[in-house]
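Breakdown of the fold
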Amino acid sequence: MAAGIAIETPLQDDVRTMVAALNATMMPLTPREFQFQLTVEQMAEPTVTLFVAREADGHPVGMGALKNHGAGVGEVKRMFTLPQVRGQRVGARILQHIETLAREKAMSRLVLETGEAEGFEPAWRVYERGGFTRCGAVLDYPDSGFSRFYEKKLS
């Protein structure tokens, strides 16, 4: 179980390693042109807040980000937990931190894009258990059939 979740900079070697693990996991599941990954540098922009879950020894085991699109819309990005902590609700806890921050920033709606292929089922469960519902394409994402979209109204 992760000892704590905190806002951190993505510009750390251990976070870069976790981002690389996420990318390696996602690459075979969806055609490259339909993957919409933020780089570590994009995650460090002022509109993005990264939460990192760490074990008691400081080792990162999960992450998730909130991207502020303005006009009351926030986007959940780069959700990932290492395989050894899956099933321990680390992802759910990170998602709750993202939602809490979105509410503090007076966002009225959270949206996200994830894959629509075998292998994404655990992510769908986290989002659906977190109160997100499926919706049509959001923001400027194409409705390609390779993506699944979710939203959660906060107000």
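Preceding this paragraph is the structure being described.
Here goes a summary of the coordinates provided. (Residues numbered from 1 in each chain as written. Predicted model: local features only at pLDDT ≥ 70, side-chain atom pairs only at ≥ 80, totals over all residues. Heavy atoms only, no water.)

What follows covers the packing of aromatic side chains. In total, this model carries three aromatic pairs according to the counting rule given. With 5.8 Å between their ring centres and 50° between their planes, Tyr127 and Tyr150 make a pair best called tilted. One end of the pair, Tyr127, is in helix 4 (residues 121-129); the other, Tyr150, is in strand 7 (residues 147-153), with 23 residues separating them in the sequence. Neither residue differs from the other here; Tyr127 and Tyr150 are each classed as buried. (Phe/Tyr/Trp six-rings, centres within 6.5 Å; stacked < 30°, edge-to-face > 60°. Helix = DSSP H or I, 4+ residues; strand = E, 2+ residues; numbered from the N terminus. Buried < 20%, exposed > 50% of the residue type's maximum accessible area, 1.4 Å probe, protein only.)

Counting buried positions along strand 5 (residues 109-115) yields six of seven residues, so the element is predominantly enclosed. Bridge count for strand 4 (residues 73-81) against strand 5 is three bridges, and the pairing is parallel. The residue of strand 5 that forms the bridge with Gly74 is Leu110. Crossover strand 4 to strand 5 through helix 3 (residues 90-104) is right-handed. Pairing between strand 5 and strand 7: seven bridges, direction antiparallel. Bridging across to strand 7, Val111 finds its partner in Glu151. (Pairing = 2+ DSSP bridges. Right-handed = clockwise from strand over helix to strand, strands pointing away.)

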